[in-house]
Structure formats: C-alpha cells, structure tokens
Amino acid sequence: MPFDDRDFPNLPKGERAISPRSRRLVAIWLYSIAGMILVMIALGGATRLTGSGLSIMEWAPIMGTLPPVTDTEWHRLYALYQQIPQYSLVNDGIGLAGFRRIFWLEWTHRLWGRLIGIAFVLPLVWFWLSGRLERRMQPRLLGFLVLGGMQGGVGWFMVASGFLPDATTVSPIRLVAHLALALILYGSVLWTALTLLPPRPRVIEASQTLRLLSWVTLGSVTLTIVAGGFVAGLHAGLTYNTFPWMDGRLLPDGYADLHPLVRNLFDNVAAVQFDHRALATLTLLLALALVVTAWPYRDRLGWRATLVGTAAVLQYVLGVATLLLAVPANLALPHQICAMLLLTAVLLIVHAVRHAPRRAPAVGPGHGQTARDTPFYGSVKPSSASQIATKDPHS
C-alpha cells in the first residue's frame, strides 16, 4: 500500500522522495495549490461581473503588492483610470469612493495570484533541495511554474486590451485565453495531486464504456466553460433572456451572419449564446449518462458519481436562472463556481477509472477466463483467490 501512515525518517536523501510521507506532503501541497487556483478563478469572475478588471492600469508585479495608503497615491491612480474609455463611457462621475470599491477587488485578485506564486515556489525549492521530489515529477512541476508565469503575462495582456480606444471591456478572445490557461493549470495540478494521494476508494478497473464516457464528459464540460467565457466577454447573457427559445426560435436569426463563418464562434452574440446553451445541455445529458454508467461501480465511485450528478443539475439550473434574470452577480458568480465544481467532479471519475481492465490468468487449463468474465469484476472485494492474487497492489 503506497500511502500508509508509516514514516521512514532515516531514509537516505536519494530515497526520501519515494517514502509515503514525502508523497503525502507533496500531494497535500498540490491540493492546496489547486484550491488556491479555484479561488483565483472565482475572484476573476467577480472582477469581470463588477467591471473591476480595468481599475488598475499599471503592471507592477513587485511594487503593486502594496496598496495605496495616501490620498496622493489614490488620486494619482484615479487620474490614470479617468484616462481610459471605460471611465468616460461607463463610469463617468464614479468619484474616488466608487473607484476605491472597484480597485480593491482587482487588487485582491492580483494579490491572490502573487500568493499562489509564493505558495508554489517556496515549497517547491524546499521539496527539491531536501530530496523529497521524485525525479519523474520534477519536469512536470517546473512546467507548472512556467504555466503560472504565463498566466500572469496573459492576464496583463488581457487587461491591456481594455485600454484601447473605444474599449470598455477586455477582448473576449484574450479573456477566454486567460480562462483556458487557468483551466489547464488547475486540471494539471489537481491530476498530479490525485495521482500521488488519491481519495478513497482508490483506482478501479472499469469498463471501456465508462472510461470513454468520462473523458467525453470532461471534454464537454471544458468546452462549455470556454463557451461561457465568450458569453461573458461579449455580455451575451444580457440578450435573448428566454429559455429554451431565443426570440421564439430554437436557432436564432443571425446565427451565421458574420464572415468568415468561424467569426460567429467568438464574435456573434446570438451564435455565442446558442453554442453555450447547446453545449450546456449536452454536458448535462453526458453527466447524467456518466452517473448511470458509473452506478454499477457505486461501491467505489458512488460519492464521485453523486457529486457529478448534483453539480451538473445545479449548474444547469443556475445557468438558466442567470439567463432569465439577465445575469445578476449573485447568480452569475455561483454559476461559474459550480462549473468548476462540476469539472472537478468529472475529473475525479476520469482519474479513478483511467486504467484499462487487466486480464487475469486462466482459472484452469483451456478455460481462459478473465477478470471481466467473473461476477466480481469491478467490485471492491472480489472473493475468488485468482482475483485477489492478480489485484494490483497499488490500486
């Protein structure tokens, strides 16, 4: 059993990385980083919903850590904000008090990003120098560090698009790039943590149908979230506030008005909203099918399947309510958070069933019976001696 409660404090440095304690420590650290990324995504959603993202016009990774503390500095930052189109076209006359309200949310968003960097780099250095990182993990963790740095750069690239003439919001394409990179980073970190310290019950050898369906569902959830990013970037949720019809039609007029046709996927309000609706409905159906397919394995997948089903239904209901009420922040933000919960739940199942079924040795000469043919295939406690003998000790 690779993750028991025993410790081996006297292991030489070269073997320290494979000890149960080291793996557990690294896993807990990565789970914490994944949780911080989840909070970061929620903060990003809040800044977008409140229009706070353009309130800080300076890119100061070090000096920007400290907030303004004097009236002179507040007035300087407010004067900078007054120079961009969002102020004159949307927030004219907001006043210094109103500016402070939107400033603090964006400042918190950026500060949290810096804290994630510190929470990742300092333990990484300690784990590395103390020999607690397996060699095979080191390139992956360095890759996470690079992705995190890229995310900060892409974030500023996105914000800068809101300073262009006549722009009152950031570019939808840059917004989605920022969101997609966050999803990649979150999923990769969480997957690595799950591999080091999976929740119980642990990996099962499920059917090919279940494994394929789990991956398809994960892809659908991800595409739906990305499509939601385009809806947010274009403020497409402020139109067609009926469901399931869009101006009395299932497929709205003007769906393919733009040329070339691909522009409709990210620059046409009607098409972007319809695509998000269609993907959300497909995701709901796939998630419910995943729950049904996983149910025969409920002794090991029960709580994961329940989480998928609950999150999928709740996410769909929140999405419809957010649309019908024209995107109130108190519904839109939970809608985004629930999307990440659904992504996490599906990822848990994908990770748990990622291994293909193994073939057991023949029970007797000429029989050729496999684990799939036994009545205990996929169960927690197989009773036949042949199954116990062939069970993966690391499952």
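Residues numbered from 1 in each chain as written. Predicted model: local features only at pLDDT ≥ 70, side-chain atom pairs only at ≥ 80, totals over all residues. Heavy atoms only, no water.

Trainee: Describe the overall build of the protein, listing the residues and the values that go with them.
Mentor: The secondary structure content of the protein amounts to 12 helices and zero strands. Counting every position in the protein, which comprises 395 residues, the buried fraction comes to 45%. (Helix = DSSP H or I, 4+ residues; strand = E, 2+ residues; numbered from the N terminus. Buried < 20%, exposed > 50% of the residue type's maximum accessible area, 1.4 Å probe, protein only.)

Trainee: Tell me what's going on with the packing of aromatic side chains, and back it up with residues and numbers.
Mentor: Think of a pair of aromatic rings as described by two things: how far the centres are apart, and how the planes are tilted against each other in angle. Counted under the stated rule, the structure contains 19 aromatic pairs. Between the aromatic rings of Trp74 and Phe99, the centroid separation amounts to 6.3 Å while the plane-to-plane angle is 85°, which identifies the pairing as edge-to-face. Taken as a pair, Trp74 in helix α2 (residues 71-81) and Phe99 in helix α4 (residues 95-129) lie far apart in primary sequence, 25 residues in all. Ring geometry for Trp74 versus Trp104: centroids 5.6 Å apart, planes at 65°, classification edge-to-face. Of this pair, Trp74 sits in helix α2 while Trp104 sits in helix α4, and the two are 30 residues apart along the sequence. In this structure Trp74 comes out as buried when scored by relative accessible area, which is 5%. Classification of Trp104 by relative accessible area gives partly exposed; the value is 35%. Its end group placed over the ring of Phe157, Arg174 keeps NZ or CZ at 3.7 Å from the ring centre. (Phe/Tyr/Trp six-rings, centres within 6.5 Å; stacked < 30°, edge-to-face > 60°. Lys NZ or Arg CZ within 6 Å of the ring centre and 35° of its normal.)

Trainee: I'd like a rundown of α4, residues and numbers included.
Mentor: Between its terminal C-alpha atoms α4 stretches 51 Å, which fits the 51 Å expected from 35 residues at 1.5 Å a residue. Phi turns positive one or two residues past the end of α4, at Gly131, with a value near 75°. (Expected span 1.5 Å × (residues − 1).)

Trainee: Give a detailed account of the side chain of Ser19, specifying residues and quantitative values.
Mentor: Relative to the assigned elements, Ser19 resides in the segment before α1 (20-50). Among the polar contacts listed, one links the side chain of Ser19 to the side chain of Ser22, at a separation of 3.1 Å. (Polar contact = N/O pair within 3.5 Å; in protein donor to acceptor, adjacent residues only side chain to side chain.)

Trainee: Help me get a handle on empty space enclosed by the protein, residues and values and all.
Mentor: In the structure shown here, the tally under the stated rule is four cavities of 30 Å³ or more. One number sums up the size of the second largest cavity: a volume of about 40 Å³. Every residue along the wall of the second largest cavity is listed here: Leu194, Pro198, Pro199, Pro201, Arg202, Val203, Arg304, Leu348, His351 and Ala352. Counting residues per element, the lining of the second largest cavity draws most heavily on helix α11 (residues 329-352), at three residues. Partitioned by chemical class, the residues of the lining of the second largest cavity number seven nonpolar, one polar and two charged. (1 Å grid on protein atoms, 1.4 Å probe; cavity = no way out; pocket = protein on both sides within 12 Å on 5 of 7 lines; lining within 4 Å. Points joined across faces, edges and corners; volume = space filled by probe spheres on them. Nonpolar A, V, L, I, M, F, W, Y, C, P; charged D, E, K, R; others polar.)

Trainee: Could you give an account of helix α10 (residues 298-324), naming the residues involved and the relevant values?
Mentor: Over its 27 residues, α10 extends 36 Å from the first C-alpha to the last, a length consistent with the 39 Å expected when each residue adds 1.5 Å. The sharpest bend along α10 comes to roughly 30°, located at Arg304. (Bend = angle between axes of the 7 residues up to and from the residue.)

Trainee: Talk me through the pattern of salt bridges; I want residue IDs and the actual numbers.
Mentor: Using the criterion set out here, one finds eight salt bridges in the structure. The partner of Glu134 in a salt bridge is Arg136, with the nearest N and O atoms 3.0 Å apart. For Glu134, a relative accessible area of 9% puts it in the buried group. For Arg136, a relative accessible area of 57% translates into the label exposed. Of the charged contacts in the structure, one is a salt bridge between Asp253 and Arg249, with a shortest N-O distance of 3.3 Å. Several salt bridges converge on common partners, so that one network encompasses Arg23, Glu134 and Arg136. (Salt bridge = Lys/Arg side-chain N within 4 Å of Asp/Glu carboxyl O.)

Trainee: So, a nonpolar patch on the surface: which residues are in play, and what are the values?
Mentor: Judged by side-chain polarity, Leu115, Ile118, Val121, Leu122, Val125, Trp128, Leu129, Leu142 and Leu145 come together as a nonpolar surface patch covering roughly 770 Å² of accessible area. Where the nonpolar patch is concerned, the elements lending two or more residues are α4 and α5 (138-160). Looking at the element boundaries, Trp128 is found in helix α4. (Patch = residues over 30% accessible without salt bridge, like charges linked within 9 Å, V, L, I, M, F, W, Y side chains within 5 Å. Areas by Shrake-Rupley, 256 points an atom, 1.4 Å probe, with all protein chains shown as cover.)

Trainee: So what's going on with the packing of helix α9 (residues 269-294) against α10? Which residues, and what values?
Mentor: For the pair α9 and α10, interaxial distance at closest approach is 9 Å and the crossing angle is 160°. In terms of axis orientation, α9 runs roughly antiparallel to α10. For the pair α9 and α10, the sense of crossing is left-handed. The residues of α10 that touch α9, namely those facing Gln273, Arg277, Ala280, Thr281, Leu284, Ala287, Leu288, Leu290, Val291 and Ala294, are Arg298, Leu301, Ala305, Val308, Gly309, Ala312, Val313, Tyr316 and Leu323. In the contact of α9 with α10, the residues fall into 14 nonpolar, three polar and two charged. (Axes fitted to C-alpha atoms, helices over the stretch in contact; angles between N-to-C directions. Parallel < 35°, antiparallel > 145°, perpendicular 65-115°, else oblique. Left-handed = near helix turned anticlockwise from the far one by under 90°. Contact = heavy atoms within 4.5 Å.)

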